[in-house]
Amino acid sequence: GILDLNECSTDMGILLWWSYNDSTRNAGTNAASSPVIASAVASTNDIGVSVTNPTAAANYLRITGVDATTLNSAVSNNEYVQYTFTTANWAAGTHYYYEKTSLDNKAASPNYNLSIAISNNAFSTSGTYLIKDLGMGSSYAAGATLYNNITPYLLQPNTTYTVRVYFYNVTGGSSATILHDDYRLLFRSFCDTDNDGNPDYL
């Protein structure tokens, strides 16, 4: 076996960050300097919701048209914002996990729920849920950064991943405006000393 001391778990922190502090849907800050991320693109949304891009006065996405009351209906109605990134082609010997996510909350938002799913085939089949039914909105202080543990997701090298943030159960219904701010991905690495495909901690 491998001693706990040598299991080589490293918290890598925020490696990918979609910031809305300008008039674009920022394509992912820190991607170029990361050993995990090769590239990322600006966030997008499906026709199930209407999204207004950031402005100098309102540096966040403004989302309307969310009439889903459950996660299942949000999926059926395509009521999401989407993030896409491609992993680097790293060598064997290290495993990288997408471990946490964070969002900046806006207290001016109505209360709503969100769930986050990830896919390695652009959701041509069902994705994997990382977190479900997270409560957001006016119950939190304005500007609060919510760091949420998710179900850790093992990434593969040289692979394009799609992350969808689904919105539903909005107080005020489809006419209400969700204020969706910065979105960040946090990672952790684990060694695989003998290159058998299993991280040392297993």
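Keep in mind it's a predicted model, so treat the numbers as computed, not measured.

(A) Examining the sheet that holds strand β8 (residues 128-136) more closely. The strand order across the open sheet built from 5 strands is β2-β5-β10-β7-β8, with neighbouring strands paired in antiparallel fashion. Across the chains shown, the open sheet's two edge strands, defined by having one partner strand only, are β2 (37-45) and β8. Recorded for the sheet is a direction-independent mean angle of 15° between the axes of neighbouring strands. When strand β5 (residues 80-87) meets strand β10 (residues 160-168), the two strands line up antiparallel, connected through 7 bridges. Looking at β10, one finds that Tyr80 is bridged to Tyr166.

(B) Examining the pattern of salt bridges more closely. Across all of its chains, the model carries 2 salt bridges by this definition. Here Glu99 and Arg188 are joined by a salt bridge, their closest N and O atoms 2.8 Å apart. Taken as a pair, Glu99 in strand β6 (residues 94-104) and Arg188 in strand β12 (residues 183-191) lie far apart in primary sequence, 89 residues in all. Of the charged contacts in the structure, one is a salt bridge between Arg184 and Asp182, with a shortest N-O distance of 3.8 Å. What makes Arg184 buried here is its relative accessible area of 5%.

(C) Geometry of the side chain of Glu99. Looking at Glu99, the relative accessible area reads 16%, which means it is buried. A polar contact is formed between the side chain of Glu99 and the side chain of Arg188, at a distance of 2.8 Å.

(D) Local environment of the environment of Ser50. Among the structural elements, Ser50 can be located in strand β3 (residues 50-52). Not counting chain neighbours up to four residues away, the residues in contact with Ser50 comprise Arg62, Ile63 and Thr64.

(E) The arrangement of the side chain of Asp182 in detail. The topology assignment puts Asp182 in the loop between β11 (178-180) and β12. The exposure class assigned to Asp182 is buried, which follows from its relative accessible area of 3%. Setting aside anything within four residues of it in sequence, one finds Asp182 in contact with Trp17, Trp18, Ser19, Tyr20, Asn21, Ser102, Leu103 and Asp104.

(F) Structural context of the sheet that holds strand β4 (residues 61-64). Spatially, β3-β4-β11 is the arrangement adopted by the 3 strands of the open sheet, whose pairing is antiparallel. Sheet topology places β3 and β11 at the edges, where each strand pairs with a single neighbour. The sheet shows a mean angle of 30° between the axes of neighbouring strands, direction not considered. For β3 and β4, the ladder comprises 3 bridges, and the chain directions are antiparallel. Residue pairing for β4: Ser50 is matched across the bridge by Thr64.

(G) Inspection of the nonpolar core at higher detail. Membership of the largest hydrophobic core comes to 41 residues, with the highest contact counts inside it found for Phe85, Tyr98 and Tyr183. Tyr98 has contacts with Ile118, Leu130, Ile150, Thr151, Pro152, Tyr153, Leu155, Val163, Tyr183, Leu185, Leu186 and Phe187, leaving out every residue within four places of it along the chain. By size, the runner-up hydrophobic cluster in this structure holds 8 residues, among which are Ala68, Ala117, Phe123 and Tyr168.

(H) Molecular detail of the pairing of β5. Summarising burial for β5: 8 of the 8 residues are buried, a large majority. Burial along β5 is two-sided: the face carrying Tyr80, Gln82, Thr84 and Thr86 and the face carrying Val81, Tyr83, Phe85 and Thr87 are both buried. Where β2 lies against β5, 6 bridges are found, and the strand directions are antiparallel. Counterpart to Thr44 in the pairing with β5 is Gln82.

Rules of the game
Residues numbered from 1 in each chain as written. Predicted model: local features only at pLDDT ≥ 70, side-chain atom pairs only at ≥ 80, totals over all residues. Heavy atoms only, no water. Pairing = 2+ DSSP bridges. Helix = DSSP H or I, 4+ residues; strand = E, 2+ residues; numbered from the N terminus. Axes fitted to C-alpha atoms, helices over the stretch in contact; angles between N-to-C directions. Salt bridge = Lys/Arg side-chain N within 4 Å of Asp/Glu carboxyl O. Buried < 20%, exposed > 50% of the residue type's maximum accessible area, 1.4 Å probe, protein only. Polar contact = N/O pair within 3.5 Å; in protein donor to acceptor, adjacent residues only side chain to side chain. Contact = heavy atoms within 4.5 Å. Core = buried A, V, L, I, M, F, W, Y, C linked by side-chain atoms within 4.5 Å.

So far we have only geometry, and geometry alone does not tell us how the molecule works.
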